[in-house]
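# Reading the structure
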Amino acid sequence: GRPSPATAALLVARGIFSAVVGGPFAEALTRRAPFRVATDGDEWEDGSYLAVAAGSTPDAGFGFRAFHRCGEQPGFFHAVGVTGTVGQLARALPRLRGGRPWRRRVAQDEVARELLLEGDAPRFTVDGDLYSAERVVRVETGPAVEIVLP
């Protein structure tokens, strides 16, 4: 379908309903994946993630400021690897909406210029479009973009 707030709400409702009945959609959404993750050459300790995300703007959508550290250093982005349980992540949502820091029991987060994720056919999204890699996904900062308004 076409991306819209209504489509997003339906997707969330589908996830909630699937979780209530123990369905396969919720199971797929909450499956942990074993990945080797490194930021700027430093390997992360936990190798199993609910999600790994990176952002160069604080807002992750719907008012959630999951990448609140992205502005700490010019030319860097905020990388987050969710290592906690689904329940821990759900309980962290009010903190994230308020732009408060991730807790270590829920996620590892770093400010970096490069994120390397390695695993068995990792899937990833860019602006809502789903892609797949054979083995490695690399996220790097690029040159700054200047926006000039008339």
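Preceding block: the structure.
So, here is what we can say about the structure in this document. Quick caveat, the model's predicted, so the values are computed rather than measured.

### Re the overall build of the protein
Looking only at helices and strands, one finds three helices and eleven strands in the protein. Listing each helix as α and each strand as β along the protein from the N terminus yields α-α-β-β-β-β-β-β-α-β-β-β-β-β. Scaling as 2.2 N^0.38, a compact globule of 150 residues should have a C-alpha radius of gyration of about 15 Å, and the protein matches this with 16 Å. Each of the three principal axes of the protein carries a C-alpha extent, and together these read 45 × 45 × 30 Å. Per-residue burial for the protein yields a buried fraction of 29% across its 150 residues. Taking the contacts inside the protein whose residues are at least 6 apart along the sequence as the reference set, 53% of them involve residues at least 24 apart. About 10200 Å² of surface is accessible on the protein, with carbon and sulfur atoms providing 56% of the total.

### Quick word on the sheet that holds strand β7 (residues 107–112)
The sheet built from three strands is open, its strands ordered β5-β6-β7 with antiparallel pairing. Two strands close off the open sheet at either side, each with one partner strand: β5 (51–55) and β7. For this sheet the average axis-to-axis angle between neighbouring strands, irrespective of direction, equals 15 degrees. Across six bridges, the pairing between strand β6 (residues 77–82) and β7 is antiparallel.

### Section: unusual backbone geometry
Phi is positive for D40, close to 50 degrees, though the residue is something other than glycine. Residue placement: D40 occurs in the loop between β2 (36–39) and β3 (42–43). Here D40 falls in the partly exposed class, since its relative accessible area comes to 37%. Positive phi is not limited to glycine here, since A121 has a value of about 50 degrees. Mapping A121 onto the fold places it in the loop between β8 (114–118) and β9 (123–126).

### Some thoughts on a positive patch on the surface
Taken together, R91, R100, R103 and R105 make up a surface patch of like positive charges. Among the secondary structure elements, R103 is positioned in the loop between α3 (86–97) and β7. With a relative accessible area of 39%, R103 lands in the partly exposed category.

Reading the values: rules and limits
- Residues numbered from 1 in each chain as written.
- Predicted model: local features only at pLDDT ≥ 70, side-chain atom pairs only at ≥ 80, totals over all residues.
- Heavy atoms only, no water.
- Helix = DSSP H or I, 4+ residues; strand = E, 2+ residues; numbered from the N terminus.
- Rg over C-alpha atoms; globule rule 2.2 N^0.38 Å.
- Buried < 20%, exposed > 50% of the residue type's maximum accessible area, 1.4 Å probe, protein only.
- Contact = heavy atoms within 4.5 Å.
- Areas by Shrake-Rupley, 256 points an atom, 1.4 Å probe, with all protein chains shown as cover.
- Pairing = 2+ DSSP bridges.
- Axes fitted to C-alpha atoms, helices over the stretch in contact; angles between N-to-C directions.
- Patch = residues over 30% accessible without salt bridge, like charges linked within 9 Å, V, L, I, M, F, W, Y side chains within 5 Å.
- Salt bridge = Lys/Arg side-chain N within 4 Å of Asp/Glu carboxyl O.
- Lys, Arg positive; Asp, Glu negative; His and termini not counted.
- Charge placed at Lys NZ, Arg CZ, Asp CG, Glu CD.

Read these as geometric descriptors, not functional statements.
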